[in-house]
Amino acid sequence: MKGRSILKTLLLAGWFLHPLAAIPQDQSLFEERIEVRGESWHLGDRKTYTFIFEQLPLGRLVIELKDRSRRDGRDTLVFHQSFWLEAQGLGQKGRRSYVSTIRYTGSTANDFHLDEIIRSWDGYRDGLPHKVREERRRRDENFDAILLDIEMVGHLERLLLNDTLKVGDRRTYSALVTPREYDYEKDNREFSPEPVEKTIEFQVNRKEPIALFGYLEIDAFRCTIPELGYTLWVSEGGALLKFDNGNHMIAFLEE
């Protein structure tokens, strides 16, 4: 009797420490879903993504949450980001860079401010770019939509805000998409094109392991946006871990 009492005590202690483990559960209910309940960004948070084109690192994107407030019962967030991409890795001469500020209410972008710089040169002299030319453009836009752009990959997380998705689920969105194609046939020394309104479908295909940070393997949900050729790998909490634009451009979340 004494031994049975001790065992009962241990089982109760285990239930309090791990209540889900004490009762048989359908593990798929807990492991096979993306659940984003509430805003995952906190003031001052920063994420950095490395861009790779055909196995060559040639760009970086840094996103930081600069301001957060509450309006009409909804969170309003202001993100600041900087992006640069070496066009030399694309078989061209030049470099694209920009800084931008985007204000979101929930998943909707309200204000978009972009300072875009394109530098190009004819060749090199003593190892340095020769005859450097620089063009600048300032863009200010106001709209009421989801904004998608592969140079803003971190903002693709906004699609998942306040939602729960399982493998096989599909969601349809109206989105403003800035078209991007990076390959050896395109001249990316032009300014960014204007966003185009499109209806897109976000699909959760399966869960699979991916390699991150050069040494870590983590399970992630493989999701696609067929209309754009995008593939995204996201965590159970909705964090974007890896991105592929379907045209040899891949972005990884840095450690």
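Computed from a prediction, not measured in an experiment: that's the story for all the values here.

A.B. asks: What is the right way to look at the overall build of the protein chain in this model?
C.D. replies: Looking only at helices and strands, the protein chain features two helices and 16 strands. Here the protein chain holds 255 residues, and 45% of them are scored as buried. Contacts in the protein chain between residues far apart in sequence, at least 24 positions, make up 55% of those at least 6 positions apart. A total accessible area of about 14,000 Å² is found for the protein chain, and carbon and sulfur atoms account for 51% of it.

A.B. asks: What is the right way to read the pattern of salt bridges from this model?
C.D. replies: Oppositely charged side chains may form a pair once their charged atoms are brought near each other. Enumeration according to the criterion identifies 23 salt bridges in this entry. Here Arg-68 ties to Asp-75 by a salt bridge, and the two come within 3.0 Å at their closest N and O atoms. Between Asp-111 and Arg-103 there is a salt bridge, and its shortest N-O distance comes to 3.3 Å. With relative accessibility at 25%, the residue Arg-103 sits in the partly exposed group.

A.B. asks: Could you clarify how one ought to interpret the nonpolar core in this entry?
C.D. replies: Most often, soluble globular proteins keep nonpolar side chains buried together rather than apart. Leu-147, Leu-148, Phe-202, Ile-225 and Leu-232 are the most contacted members of the largest nonpolar core, which totals 57 residues. For Phe-202, the contacting residues outside a window of four places in its chain are Leu-159, Leu-160, Leu-165, Asp-169, Arg-170, Arg-171, Tyr-173, Cys-223, Thr-224, Ile-225 and Leu-232.

A.B. asks: When you look at a nonpolar patch on the surface in this model, what are you seeing that I'm missing?
C.D. replies: Together, Phe-213, Tyr-215, Leu-216 and Ile-218 give the surface a local cluster of nonpolar side chains, amounting to about 360 Å² of exposed area. Inspection of the secondary structure assignment puts Ile-218 in strand E13 (residues 216-225). Under the relative-accessibility criterion, Ile-218 is labelled partly exposed at 30%.

A.B. asks: Explain empty space enclosed by the protein to me, please; I cannot follow it from the model alone.
C.D. replies: All told, the structure shown has three cavities of 30 Å³ or more when counted by the stated rule. As a volume, the largest cavity reaches approximately 80 Å³. Around the largest cavity sit Val-36, Glu-39, Ser-40, Trp-41, Glu-157, Arg-158, Leu-160, Leu-161, Gly-237, Gly-238 and Ala-239, which together line it. The residue makeup of the lining of the largest cavity, split by class, is five nonpolar, three polar and three charged.

A.B. asks: Looking at this model, I keep getting lost on the environment of Ser-120. Mind explaining?
C.D. replies: Locating Ser-120 in the fold gives a position in strand E6 (residues 108-120). Taking relative accessible area as the criterion, Ser-120 reaches 8% and is therefore assigned buried. Separated by 24 residues in sequence, Ser-120 and Arg-96 have C-alpha atoms that sit 8.6 Å apart.

A.B. asks: Is there a simple way to explain the packing of aromatic side chains in this structure?
C.D. replies: The way to describe two aromatic rings as a pair is by their centre distance and the angle between their planes. Applying the stated rule across the entire model yields six aromatic pairs. Ring geometry for Phe-51 versus Phe-83: centroids 5.2 Å apart, planes at 85 degrees, classification edge-to-face. Of this pair, Phe-51 sits in strand E2 (residues 46-53) while Phe-83 sits in strand E4 (residues 74-86), placing them 32 residues apart in sequence. When sorted by exposure, Phe-51 lands in the same class as Phe-83, which is buried. Every member of this aromatic cluster is reached through a ring pair, and the members are Trp-41, Phe-79 and Tyr-104. The lysine or arginine in question, Arg-158, covers the ring of Tyr-104, its NZ or CZ lying 5.2 Å from the ring centre. The ring of Trp-233 carries the charged tip of Lys-242 above its face, separated from the ring centre by 4.5 Å.

A.B. asks: Help me out: how do you make sense of the sheet that holds strand E15 (residues 240-244) in this one?
C.D. replies: Strand pairing in a sheet relies on backbone hydrogen bonds. The paired strands run either parallel or antiparallel. A barrel is described by the order of its strands in space; here 12 strands give the closed sequence E2-E3-E4-E5-E6-E9-E11-E12-E13-E14-E15-E16, paired in mixed fashion. Strand after strand, the sheet turns through a mean of 25 degrees between neighbouring axes, direction not considered. Sheet topology note: the E2/strand E16 (residues 249-253) ladder contains five bridges and is antiparallel. By the bridge assignment for E16, Thr-50 is matched with Phe-252.

A.B. asks: Honestly, the pairing of E13 in this entry has me stumped. Any pointers?
C.D. replies: Every other side chain in a regular strand lies on the same face of the sheet, so the side chains alternate between the two faces. With nine bridges connecting them, strand E12 (residues 196-212) and E13 associate as antiparallel partners. If you follow Pro-209 over to E13, its bridge partner there is Asp-219. Two successive antiparallel strands, E12 and E13, enclose a turn made up of three residues, where Phe-213 displays a positive phi of approximately 60 degrees. Here E13 folds back onto strand E14 (residues 230-234) in antiparallel fashion, the turn holding four residues, of which Gly-229 has a positive phi close to 80 degrees.

Calculation rules
Residues numbered from 1 in each chain as written. Predicted model: local features only at pLDDT ≥ 70, side-chain atom pairs only at ≥ 80, totals over all residues. Heavy atoms only, no water. Helix = DSSP H or I, 4+ residues; strand = E, 2+ residues; numbered from the N terminus. Buried < 20%, exposed > 50% of the residue type's maximum accessible area, 1.4 Å probe, protein only. Contact = heavy atoms within 4.5 Å. Areas by Shrake-Rupley, 256 points an atom, 1.4 Å probe, with all protein chains shown as cover. Salt bridge = Lys/Arg side-chain N within 4 Å of Asp/Glu carboxyl O. Core = buried A, V, L, I, M, F, W, Y, C linked by side-chain atoms within 4.5 Å. Patch = residues over 30% accessible without salt bridge, like charges linked within 9 Å, V, L, I, M, F, W, Y side chains within 5 Å. 1 Å grid on protein atoms, 1.4 Å probe; cavity = no way out; pocket = protein on both sides within 12 Å on 5 of 7 lines; lining within 4 Å. Points joined across faces, edges and corners; volume = space filled by probe spheres on them. Nonpolar A, V, L, I, M, F, W, Y, C, P; charged D, E, K, R; others polar. Phe/Tyr/Trp six-rings, centres within 6.5 Å; stacked < 30°, edge-to-face > 60°. Lys NZ or Arg CZ within 6 Å of the ring centre and 35° of its normal. Pairing = 2+ DSSP bridges. Axes fitted to C-alpha atoms, helices over the stretch in contact; angles between N-to-C directions.

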